[in-house]
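Breakdown of the fold
The residues making up each chain are set out below.
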Amino acid sequence: MKLLNLPEAFEQYRSVIEETIQPTVFIETEERKTSLFESKFAGDPYFPLSMEYPKSPEGQPLKLLAQINFTDVPRHLPNFPEEGILQFYIDGYDDVLGIDFDNGQNQEGFCVIFHEHIVSDESQLVQDFSFVEVKEEEFFFPVEKEMALSFGTSYEPLSANDFRSEKLYAKILANIEDNDNLVDSFYETLNSSGHKIGGYPFFTQEDPRAYGDYTDSTILLLQIDSVGEHIVWGDDGVGNFFITEDELKRKDFSKVLYNWDCY
C-alpha cells in the first residue's frame with residue numbers, strides 16, 4: 001500500500017521521500033467556550049493560584065496562545081507526555097508577538113509552561129483572567145476567538161522547506177531546479193501546513209533552525225497555522241515551537257525555540 005499520494009512527476013522519488021515519514025497529530029478547532037482543563041487555542045488557562053503568572057519584562061501579562069492537555073492527545077508520538085498540560089503564552093501587547101529574532105529561545109516575550117501534576121479542585125485555580133485583556137486596538141494576537149481542540153493521527157514526509165531537506169532531498173532538488181513548475185509543485189506537495197503536534201513544520205520564509213545553535217531542535221512541539229477567519233499570523237503566516245529530543249524526554253521546556261513568519 002502506498003503511504004503517500006504523490007504527483008506522477010515525483011513517483012520516481014517515492015522511496016527517498018517515504019524514508020522520511022514521521023508520525024504527526026493533527027489538530028481540529030471548534031469555536032466555543034472551554035473549561036480551564038481543556039485543550040484550546042486562546043481562552044483562559046489552567047493556572048494554579050500558587051504559581052506566578054508569566055509577564056513580559058515590561059510587566060505586562062502574557063496571553064495564552066495554546067493549551068494542550070495530553071490526556072486528550074492520542075498516544076502516537078514518541079517521547080511526548082502522556083498526561084499533564086502544556087501551555088504556550090505570548091506577548092499580545094508586542095507587535096512582533098514576543099519573538100526575539102536574534103534569539104528564538106529567549107523566553108521573555110513568550111513562555112512555555114508544563115503542568116505535570118494537575119490540581120482538579122477549581123477553587124485552587126485562577127478564575128478571573130480579565131487582567132490579561134486590553135482594548136482590541138492595542139492588542140496584537142493571532143487567535144481572535146477561543147477554540148476547543150480535538151486531535152487525530154497521521155503520518156507525513158519531510159517538508160520541502162525544513163532545513164534538513166537540503167541534504168535529504170538534494171538529488172531531487174538538483175534534478176528539478178531548472179523547471180520552475182516542478183519546483184513549485186514539489187514545495188506545494190511537501191508543505192506540511194496546518195495545525196499539528198509532531199511531524200514536520202511549515203514556513204512561509206526560511207527555517208530558522210538552519211542557523212546558529214538550533215539544529216538540534218528537530219521536534220515540532222506545536223504548529224499553529226493561519227487557518228480560517230480567526231487565526232492570522234501577520235500576513236497569512238504560521239507560528240511554530242521546537243524542542244530537542246533530549247529536552248522533550250526530560251520534560252524540560254526552558255529552551256523551546258519560538259518562530260513565526262508570514263508572507
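The structure reproduced in this document is the subject of the present report. (Residues numbered from 1 in each chain as written. Predicted model: local features only at pLDDT ≥ 70, side-chain atom pairs only at ≥ 80, totals over all residues. Heavy atoms only, no water.)

**Some words on the packing of aromatic side chains**
Rules: The rule is short: rings of Phe, Tyr and Trp, with Trp giving its six-membered ring, pair when the centres are within 6.5 Å, and they are stacked under 30 degrees, edge-to-face over 60, tilted in between. Strands are runs of DSSP state E lasting at least two residues, helices are runs of H or I lasting at least four, and both sets are numbered from the N terminus onward. Burial status follows relative accessibility: with a 1.4 Å probe on protein chains alone, a residue under 20% of its type maximum counts as buried, one over 50% as exposed, and anything between as partly exposed. Should the NZ of a Lys or the CZ of an Arg lie within 6 Å of a ring centre and within 35 degrees of the ring normal, that charge is described as sitting over the ring.
Within this structure, the stated rule accounts for 18 aromatic pairs. Judged by centre distance (6.3 Å) and plane angle (50 degrees), the rings of F70 and F80 are tilted. Here F70 is found in the loop between β3 (63–69) and β4 (85–90), whereas its partner F80 is found in the loop between β3 and β4, with ten residues between them in sequence. You can call F80 buried: its relative accessible area is 11%. Between F114 and F253 the ring centres are 5.4 Å apart and the planes differ by 50 degrees, which places this aromatic pair in the tilted class. You can see F114 sitting in strand β5 (residues 110–115) and its partner F253 sitting in the loop between α5 (245–249) and β10 (257–261), a full 139 residues away along the chain. When sorted by exposure, F114 lands in the same class as F253, which is buried. Put simply, the rings of F47, Y53, Y89, F129 and F131 touch in pairs and so form one group of aromatic residues. The ring of F141 carries the charged tip of K63 above its face, separated from the ring centre by 5.3 Å. When the ring centre of F242 is taken as reference, the NZ or CZ atom of R209 above it lies at 4.3 Å.

**Some details on the pairing of strand β6 (residues 147–156)**
To keep things clear, this is the line we draw: Paired strands, in this sense, are two strands between which DSSP finds at least two bridges.
When strand β1 (residues 22–31) meets β6, the two strands line up antiparallel, connected through ten bridges. Across the sheet, residue E30 finds its bridge partner in β6, namely A148. Pairing of strand β2 (residues 40–41) with β6 involves two bridges; the strand directions are antiparallel. Residue pairing across strands places K40 opposite A148, the latter belonging to β6.

**Focus on the pairing of β10**
Within β10, five of the five residues are buried, leaving the element largely enclosed by the surrounding structure. As judged from the five bridges shared by strand β9 (residues 238–243) and β10, these two strands associate in the antiparallel manner. Paired with F242 across the strands is L257, a residue of β10.

**A word on the side chain of S165**
Spelled out, the test is: Between two residues, a contact is recorded if the distance between any of their heavy atoms is within 4.5 Å.
Structurally, S165 can be placed in helix α2 (residues 165–168). On the basis of relative accessibility, which here comes to 4%, the residue S165 falls in the buried class. Setting aside anything within four residues of it in sequence, one finds S165 in contact with L158, S159, A160, A170 and L173.

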